Structure formats: structure tokens, C-alpha cells
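One-letter residues, chain by chain:
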Amino acid sequence: MSSNKNILFITSDQQHWFTLGYLNKEVQTPNLDRLAKMGISFHRAYTPNPTCTPTRASWITGMYPSQHGAYSLGTKLMEDVPTVGDEFINNGYATGLVGKAHFQPLLQTEEYSSLECYPVLHDLEFWKNYNENFYGFQDVELARNHTDEPHAGQHYALWMIEKGYNNWREYFLPNGPERTVPGDNLTESSHQPRKPGEAWDIPEEIHYNTWIAERTNSLMEKYKNENKNFFLWASFFDPHPQYMVPEPYASMYDPKKVTVPAMIPGEFDDKPPYFKFSQQENADWSQFQEEGGNGIHGAGCHIISEEAKAQNIATMYGMMTMLDKYIGKILDKLDELGLTKDTLVCFTTDHGDFWGQHGLTQKAIHHYEDLLKVPMIVSQPGTIPENVISDSLQSTVDLAPSFLSAAGLKVPGIMSGVDQTPVWFGKKETIRDHVIVENQHQPTKMHLRSFINKNYKITLHYNMAYGEIYDLENDPGEIINLWDKEDKQELKKDLLLKFMYAEMAKSPLPMPRICWA
């Protein structure tokens, strides 16, 4: 093994930044708390997009969704886009991914194929023999389901069968008509949807947390034995809704003892018109429908009872504690292998979550901090300062170039993210003075972008006169929208100009200018 650093990338899915024990005493996450004490915890880290596919593609390309092409859910990252894994392989690294990829959609067409679609994800013989490079990952073991979704299959299903659970399909929902396609032999199941707070009946020994930790640890041991540096991604699925977890975690937290966020009456009065739709049972969203739209996450009624909210929060906390247990097993294995000092560990999530804040649930079209800000921890004893909390602006589009730089490797000019290692290694307090969040959820009708700096956030809605400006320093709850305030029009002009400069600055430069013409 060379003197270059290993990179261990650990991610959750749709996790609110406040669901860490050292921040929130209502939830227990001792292993993530341990990781935070071993490194830097960034409290101003942001996603480049508040949905899964675009952000995950940004993680491995170092490009914004508008640049790498997987701009929304239901699209895919084209196979010819260069990735950080390709760079690591070219420099002699072993690369691996265990868990969720979500680089491709659940359905395919003749023009746009997908390995993560029905019926392919249920073709276990295909996955048993799959040994191809997958977006720069040589060792790849995939799954696609959150909790009991019918998407379960791929390598995860093969592993459950190896564990003696030939009836694994019974722990997951049947496909349903919209997901039943020709050639799928694993459509049926007697498993029924769970009510809020009802435990998932899957045994912990075949829960995907167990699988991801076990297979990640096996790959780390393999790379150590082969004397190879590695870039390894352990990609967990929780606490993405539907909130569901097996016992003892399902009843670990009392719904009566959790804090349920409350909506402030009238807080949507100065917001874009569609915000109010979230509090209406039969709102008319037709103005946002367009060909090729295929639905909008978050475009619906968000009203649920206080009891259901509390139960969801308690269950989500249980998911976090279980997830934390298995992240701990990975960190323990790193110690056991003697690799901790040689390995940069980065933990984050793809985007945040609503569990009652502003009267909202889940995601993805309301650019509040709850959704855009993410937990992010980096650690490497002896290299990264320990037990530090930082307000340095971070974007997870920066991860790919920063991983390469940390390993002593050249960062390709095609990556538009910035190298954050001077901040991670304690040499600079901050590099960024802003972040940008893209959200082209629809081709044109639901298309918004935010510019965020130390004190303010401005959000533009494509072809719409309305917009949002929040004073994050004096109004951290984002209650008062300054967009139309008469005394804030100079502020609006200043932020719009800075936003334009930032958009110009994020253009990638694949090569330097080497001569005059």
C-alpha cells in the first residue's frame, strides 16, 4: 500500500442535518458522534440538488446536475461521463460501491437503458454474473429499495439468499401495476404496507444495514490483503421515508417525547403561490404539468396528524440509531485493520428532509435549510483537526475534487467543484463564499435555483415573477420573504448580480489555455 490516502465515503439517504446525537439529544448516534469528535463537522454544508440522482451523480463527477446531465429524478447519468472512480483507477486504486447508487431510473426505454430498472433489478442471474465497471467502481454490490419498497433485488437479494432466506421477497411489497413489466418473475409478495410506527418484520440479520456493513468490511479487508489503496463507498438507504425499521429500534423512541416541528400561521403568505398548496387537500397543480414532467416530488397535500408526525419522527430516530450501529461496525473494522490513520473518512447525505418543519413532509420543491443543508463530517487522525465544528461553506459537489486532492492526485479541469482540502486539513478557515443549489425537477415548469452565502439565500423560479430572499443570520427559520419588500430591492439587485457571477464561475475548464490562438 502506497503512502497515498484511502478514501472511505459513508452516506445516508435523505437525512435532516439535525438528526445527529451531538446536536439533538432526542436521538442517539454514538458512532457518528465519535466520528465528529475525530474530525471536523461542517454546519454549513449544502447539497447541489435536493433529490437523489442529481446529487449522487454530482458526488462522483464533481459537476453540477446542469453539467453532468442527470438533472432530475427519472433521468440517468450517461455512462460516458468521467467519474472520480475512473481517476482513482487510473492511479492504481481499487474502487468499490456497496448499497445505493441511483444513477439510473426505475424504468427504461429503447433509447435510454437502465440497469436499475424493472425487470433488470429482479434478474438475479444477471446480477450473479455481473462484473463490469459501474461508473468507475470495479467492485459493485447494489440495491435500489428504501425500506420495504418492491425494488429490492440485485446483489442484496443474492446476499439474503446466501444467508438462507429464500423467502426474502416476502419482506418487501409486491410490484403493483405501475411497476409490473414483462420479464419480471419477482413481482408478487404477500407483504402488506405498514402503518406509521409499525415495525418492519425483516430480521436484522438480513436488513440492508447489515449487508452494507458486512460487505464494506469484506472489501476493506480484501484491499488491505492485496496491499491496495482504495476509494470505497458505503451507501446506506436510511432514514429515507417511508419511515420503517425492525425491532428493537421501532419502539426505541417514545412518540410522546419527541419534538414535533410546528408551522407558523401565515408563514406562506409571502411565499411563492404553490407553497400554500401543501396545506390544501385538493390543490390544482395543473399549471406545473408538462410533457416529460413525470410528476413532482412534494407537489401534494402535506397535511398529516400531529400523532402521525410524532410517530414518524420516533421511527426515523430509530432508523438513525440502527444506521449508526452499522456505521460503527465499519469504523471499528477500519481500526481493526490498522487503516484509520491512512484513511480519510467522509460522512454526508444526499439531501435533507422535512418532518413537519413549515408544515411540510419529505421533499423536494421548497428550498428551506431543512432540505438543502446536510450533515457532513470529515476525519483522519493526524491529518484533519479533531473535535472541530466549522461554519465554512461546503457543497457536496466539491467531494470528488477534494477526495482526489486528499489522495495526492490531480483534479481534472472538467470538475467544477472546488478543492476543499485546505479547509479540511486546517490550513484555511474557508474557501467558498457561496454555494449554488440547482433543482430542475421538471424541464421548465418546476425549475428553481438558489444562491446561498454567509448571510443570505436567494431562490429564483424559472420564468416566474415570484422569488425568495431570506436573511439567514437574523431569520434562520426563513419565515420572512424579503423578495417584494420595498426597502430590500437594492439587496435583491446585489444578490442577483452575485448569483450571476457565481453561475459564470462554476463553468468547468477541461484544459488550460496553452497559446494565443
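Look up: the structure comes first, before these words.
Residues numbered from 1 in each chain as written. Predicted model: local features only at pLDDT ≥ 70, side-chain atom pairs only at ≥ 80, totals over all residues. Heavy atoms only, no water.

1. A word on the overall build of the protein chain
Okay, so step 1: A count of helical and extended segments in the protein chain gives 13 helices and 15 strands.
Okay, so step 2: Since a compact globule built from 517 residues should have a radius of gyration of about 24 Å, the 22 Å found for the protein chain is in line with a globular shape.
Okay, so step 3: Reported as C-alpha extents along the three principal axes, the dimensions of the protein chain are approximately 65 × 60 × 50 Å.
Okay, so step 4: Across the protein chain, contacts joining residues at least 24 apart in sequence account for 71% of those joining residues at least 6 apart.
Okay, so step 5: The averaged location of the 68 negative side-chain charges in the protein chain is 5 Å from the averaged location of its 45 positive side-chain charges. (Helix = DSSP H or I, 4+ residues; strand = E, 2+ residues; numbered from the N terminus. Rg over C-alpha atoms; globule rule 2.2 N^0.38 Å. Contact = heavy atoms within 4.5 Å. Lys, Arg positive; Asp, Glu negative; His and termini not counted. Charge placed at Lys NZ, Arg CZ, Asp CG, Glu CD.)

2. A closer look at the pairing of strand β1 (residues 6-12)
On a regular strand, one side chain projects to one face of the sheet and the next to the other, so that they alternate.
Okay, so step 1: In terms of burial, β1 is a largely internal element, 7 of the 7 residues being buried.
Okay, so step 2: Alternating residues of β1 divide into Asn-6, Leu-8, Ile-10 and Ser-12 and Ile-7, Phe-9 and Thr-11, and every residue in both groups is buried.
Okay, so step 3: Bridge count for β1 against strand β6 (residues 343-349) is 7 bridges, and the pairing is parallel. Across the sheet, Ser-12 pairs through a bridge with Thr-349, a residue of β6.
Okay, so step 4: Of the pairings in the sheet, the one linking β1 to strand β5 (residues 230-235) comprises 5 bridges and is parallel in character. Within β5, the position partnered with Thr-11 by the bridge is Ser-235. (Buried < 20%, exposed > 50% of the residue type's maximum accessible area, 1.4 Å probe, protein only. Pairing = 2+ DSSP bridges.)

3. Digging into the side chain of Gln-154
Okay, so step 1: Within the secondary structure, Gln-154 sits in helix α6 (residues 154-162).
Okay, so step 2: Judged by its relative accessible area of 0%, Gln-154 is buried.
Okay, so step 3: Ignoring anything within four residues of it in the chain, the contact list for Gln-154 reads Leu-115, Glu-116, Leu-121, Leu-124, Trp-127, Leu-142, Ala-143 and Arg-144.

4. Things to note about the packing of α6 against helix α7 (residues 208-225)
Okay, so step 1: The contact between α6 and α7 brings their axes to 11 Å, and the two run at 95°. The orientation of α6 with respect to α7, classified from their angle, is roughly perpendicular. Residues His-155, Tyr-156 and Trp-159 of α6 form the contact with α7, whose participating residues are Tyr-208, Thr-210, Trp-211, Glu-214 and Arg-215.
Okay, so step 2: Each residue belonging to the contact of α6 with α7 can be placed in one class, and the counts come to 4 nonpolar, 2 polar and 2 charged. (Axes fitted to C-alpha atoms, helices over the stretch in contact; angles between N-to-C directions. Parallel < 35°, antiparallel > 145°, perpendicular 65-115°, else oblique. Nonpolar A, V, L, I, M, F, W, Y, C, P; charged D, E, K, R; others polar.)

5. Observations regarding the nonpolar core
Okay, so step 1: In this structure, Ile-10, Phe-88 and Phe-403 are the most contacted members of the largest nonpolar core, which totals 109 residues.
Okay, so step 2: In this view, Ile-10 contacts Ala-234, Phe-236, Ile-327, Ile-330, Leu-331, Val-345, Cys-346, Phe-347 and Thr-348; residues no more than four positions away in its chain are not counted.
Okay, so step 3: Counting residues in hydrophobic clusters, the runner-up holds 23 residues, among them Ile-296, Phe-354, Leu-360 and Leu-472. (Core = buried A, V, L, I, M, F, W, Y, C linked by side-chain atoms within 4.5 Å.)

6. Observations regarding the pattern of salt bridges
Okay, so step 1: Taken as a whole and judged by the stated rule, the model has 29 salt bridges.
Okay, so step 2: Its salt-bridge partner being Lys-506, residue Glu-503 comes within 3.2 Å of it at the nearest N-O pair. Like Glu-503, the residue Lys-506 is buried in the burial classification.
Okay, so step 3: Salt bridges linked by common partners bring Asp-13, Arg-56, Lys-100 and Asp-350 together as one network. (Salt bridge = Lys/Arg side-chain N within 4 Å of Asp/Glu carboxyl O.)

7. Some details on unusual backbone geometry
Okay, so step 1: The peptide bond linking Tyr-118 to Pro-119 adopts the cis configuration, its omega dihedral lying at 0°.
Okay, so step 2: Relative to the helices and strands, Pro-119 is located in the loop between β3 (94-100) and α5 (124-128).
Okay, so step 3: Along the chain, Pro-241 connects to Gln-242 via a cis peptide bond; the corresponding omega equals 5°.
Okay, so step 4: Tracing the backbone through its elements, the reader meets Gln-242 in the loop between β5 and α8 (274-277).
Okay, so step 5: Phi is positive for Tyr-135, which is not a glycine, with a value near 55°.
Okay, so step 6: The class of Tyr-135 is buried, set by a relative accessible area of 7%.
Okay, so step 7: The phi angle at Asn-387 is positive, at roughly 55°, despite the residue not being glycine.
Okay, so step 8: By secondary structure assignment, the location of Asn-387 is in the loop between β9 (373-379) and β10 (388-390).

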